[in-house]
Amino acid sequence: MKSEEKQQESQLVTVLREAVGLVQMVLFKELRAHLFKKMPDADAPRLSLLAGSVTNEVFGTRNPEEKFASFRRENRAAIEQELLSLKTDMPQLCESITDALRIQTLCDHQQGIDSSRTLARARDFGFLVEDREVPLPSSFMKMIRELGERHGLVVPPARIDPDQDTPLVH
């Protein structure tokens, strides 16, 4: 692979990872709002930590800082309950989450990381939309722009050339 092609692929992976991050932000925001409605008498910082922990579990990312790690350990049952409820509580986000997890897995694969377990956990918890096709980078970015607009988040357009659509999807 030529240096220029490697640089384009690296830029594409960076843009796609940022787009996955937007889905994470939307999930956190929506989940936190849902938890505030569901448990209006609960402590606001605790609900934010719960929303963050669930979001981290969905995307297979853990915050190693002790405050967050201990919250995760102490609230494992509540986190798992929210993961199990995700499909029914947030059906409008399941397709976006599915696309983001698949793109994240493809990006990880490009960098020699096996994150297939994250997809398996999403399937096990029931919020992975299995019959949905893996999006091409251009269609994923279109979905991200629309999602960002719906949630009032600024999403600068990222140009994806047609020849960039295929390197990640085999």
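Coordinates for the structure precede this section.
Residues numbered from 1 in each chain as written. Predicted model: local features only at pLDDT ≥ 70, side-chain atom pairs only at ≥ 80, totals over all residues. Heavy atoms only, no water.

Undergrad: Can you help me understand the pattern of salt bridges in this one?
TA: Pairs may arise between side chains of opposite charge once their charged atoms sit close together. Applying the stated rule across the entire model yields 13 salt bridges. Between glutamate 95 and arginine 132 there is a salt bridge whose closest N-O contact spans 3.3 Å. Taken together, the residues glutamate 95 in helix H5 (residues 91-110) and arginine 132 in the loop between helix H6 (116-125) and helix H7 (137-150) connect sequence positions 37 residues apart. Taking the relative accessible area as the measure of exposure, glutamate 95 reaches 42% and is therefore partly exposed. Taking relative accessible area as the criterion, arginine 132 reaches 27% and is therefore assigned partly exposed. (Salt bridge = Lys/Arg side-chain N within 4 Å of Asp/Glu carboxyl O. Helix = DSSP H or I, 4+ residues; strand = E, 2+ residues; numbered from the N terminus. Buried < 20%, exposed > 50% of the residue type's maximum accessible area, 1.4 Å probe, protein only.)

Undergrad: Explain the environment of asparagine 56 to me, please; I cannot follow it from the model alone.
TA: Position of asparagine 56 among the secondary structure elements: in helix H2 (residues 44-59). As a C-alpha pair, asparagine 56 and arginine 72 span 16 residues in sequence and 10.0 Å in three-dimensional space. Beyond its immediate chain neighbours, meaning those up to four positions away, asparagine 56 contacts Thr61 and Asn63. (Contact = heavy atoms within 4.5 Å.)

Undergrad: I would appreciate a short explanation of H7 in the present structure.
TA: Note: α-helices contain 3.6 residues per turn, so residues at a spacing of three or four share the same orientation. Between the first and last C-alpha of H7 there are 20 Å, a value that for 14 residues agrees with the 20 Å anticipated at 1.5 Å per step. Among all positions of H7, only Pro137, Phe140, Met141, Met143, Ile144, Leu147 and Gly148 are buried. Buried residues along H7 cover an arc of 160 degrees about the axis, so they all sit on one side. Among the exposed residues of H7, those oriented more than 90 degrees off its buried face are Glu149 and Arg150. Within two residues after H7, glycine 152 carries a phi angle of roughly 70 degrees, on the positive side. (Expected span 1.5 Å × (residues − 1). Arc of directions from axis to C-beta.)

Undergrad: Just to check I follow, could you spell out the layout of surface pockets for this structure?
TA: The gaps left among the atoms become clear once a water-sized probe is rolled over them. Taken as a whole, the largest pocket holds about 230 Å³ of empty space. Along its surface, the largest pocket is lined by 14 residues, and Leu49, Gly52, Ser53, Asn56 and Phe68 are the ones closest to its centre. Counting residues per element, the lining of the largest pocket draws most heavily on H2, at 7 residues. (1 Å grid on protein atoms, 1.4 Å probe; cavity = no way out; pocket = protein on both sides within 12 Å on 5 of 7 lines; lining within 4 Å. Points joined across faces, edges and corners; volume = space filled by probe spheres on them.)

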